[in-house]
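# Structure at a glance
Okay, here's what each chain looks like letter by letter:
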Amino acid sequence: MMLSVAETRQDGWTVLHVCGELDLVSSPTVRQHVHEAVAAGHRDLVLDLSGVQFCDSSGVGVLIASRRLLRSCRGRLRLILPSRGAEEGSHVNRVLAALGVRRLFEVYADAGSATGEGARPLSA
C-alpha cells in the first residue's frame, strides 16, 4: 500500500494527514514533510495517523525523530491515533506501547481535540 501525506492548517496548527503504511520504504516521506513544515516556520504540528493501517519500527523512529526536532526548536508535536486509538488500542498505539515510547507523545482522538484551546491528551 502506498503512503500519502496531505497538509492542512487548523487553529494555528499544521496538520499532516498520513494514510497508508508507515514502514521502512515510506517513513522518509513523512520525515520529509515534517522537515519541510518546520523549515517553513510551522512549529506546532499534528500528525494525524488515523489513516495508518501499519507502522513498523522505522515509522516509530520517524515519530521519535519528529518529536526531537520539534522540541529542539521549541515546537509542539501531537499525534492523532486511528479511531478507538488510546481507548481500545489501534495498531499504532500497540506498537508505541510495545516499544515503551507511547508515554513520549501527546495523543488525541481527532484534529479538533488536538488543535483546540485547552486540549487535553488521552491517557497512555
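If you're wondering where the values come from, they're calculated on a predicted model, not measured in any experiment.

The rules we used
Residues numbered from 1 in each chain as written. Predicted model: local features only at pLDDT ≥ 70, side-chain atom pairs only at ≥ 80, totals over all residues. Heavy atoms only, no water. Pairing = 2+ DSSP bridges. Helix = DSSP H or I, 4+ residues; strand = E, 2+ residues; numbered from the N terminus. Axes fitted to C-alpha atoms, helices over the stretch in contact; angles between N-to-C directions. Contact = heavy atoms within 4.5 Å. Buried < 20%, exposed > 50% of the residue type's maximum accessible area, 1.4 Å probe, protein only. Arc of directions from axis to C-beta. pLDDT = per-residue confidence, 0-100. Expected span 1.5 Å × (residues − 1). Salt bridge = Lys/Arg side-chain N within 4 Å of Asp/Glu carboxyl O.

### Structural notes on the sheet that holds strand β3 (residues 44-55)
Reading across the sheet, the 5 strands line up as β1-β2-β3-β4-β5 and stay open at both edges, with mixed pairing between neighbours. Both edges of this open sheet fall to β1 (4-10) and β5 (106-108), since each of them pairs with a single strand only. Neighbouring strand axes in the sheet, compared pairwise and without regard to direction, differ in orientation by 25 degrees on average. Across 7 bridges, the pairing between β1 and strand β2 (residues 13-22) is antiparallel. Bridging across to β2, Gln10 finds its partner in Trp13. The strands touched by helix α1 (residues 27-39) within the sheet are β1, β2 and β3, with β2 carrying the most contacts at an inclination of about 175 degrees.

### Focus on the environment of Pro121
Within the element layout of this structure, Pro121 appears in the segment after α5 (111-115). Note on Pro121: relative accessible area 41%, which makes it partly exposed. The sequence separation of Pro121 and Leu79 amounts to 42 residues, and the corresponding C-alpha distance is 9.2 Å. Ignoring any residue separated from it by four or fewer positions in sequence, one finds Pro121 in contact with Glu106, Val107 and Tyr108.

### Here we look at helix α4 (residues 91-98)
The periodicity of an α-helix, 3.6 residues per turn, causes residues three or four positions apart to be oriented the same way. Along α4, the residues classified as buried are Val92, Asn93, Val95 and Leu96. An end-on view of α4 places all buried positions within 165 degrees of arc, on one side of the element. After α4 finishes, the residue Gly100 shows a positive phi value of roughly 75 degrees.

### Overview of the confidence of the model for the protein chain
Summary statistics for the protein chain give a mean pLDDT of 89 and a share of 90% for residues scoring 70 or more. Model confidence for the protein chain, summarised as mean pLDDT per element, is weakest for helix α3 (residues 85-89) at 48 and strongest for α1 at 97.

### Some details on the environment of Arg71
When you line up the elements, Arg71 lands in helix α2 (residues 57-72). Spatially, the C-alpha atom of Arg71 lies 9.1 Å from that of Arg43, the residues being 28 residues apart in sequence.

### Looking at α1
Its 13 residues give α1 an end-to-end C-alpha distance of 18 Å, which sits within 8% of 18 Å, the value for a rise of 1.5 Å per residue. For α1, the set of buried residues is Ser27, Val30, Val34, Ala37 and Val38. On an axial view of α1, the arc spanned by its buried residues comes to 100 degrees, and they lie on one face. Those residues of α1 that are buried are in contact with β1, β2, β3 and α2.

### Remarks on the pattern of salt bridges
Counting across every chain of the model gives 3 salt bridges. Glu7 is the salt-bridge partner of Arg9, the closest N and O atoms lying 2.5 Å from each other. Under the relative-accessibility criterion, Glu7 is labelled partly exposed at 37%. Between Glu106 and Arg78 there is a salt bridge; the shortest N-O distance is 3.2 Å. With Glu106 in strand β5 and Arg78 in strand β4 (residues 76-80), the pair connects residues that are 28 residues apart, well separated along the chain. Judged by relative accessible area, which is 34%, Glu106 ranks as partly exposed.

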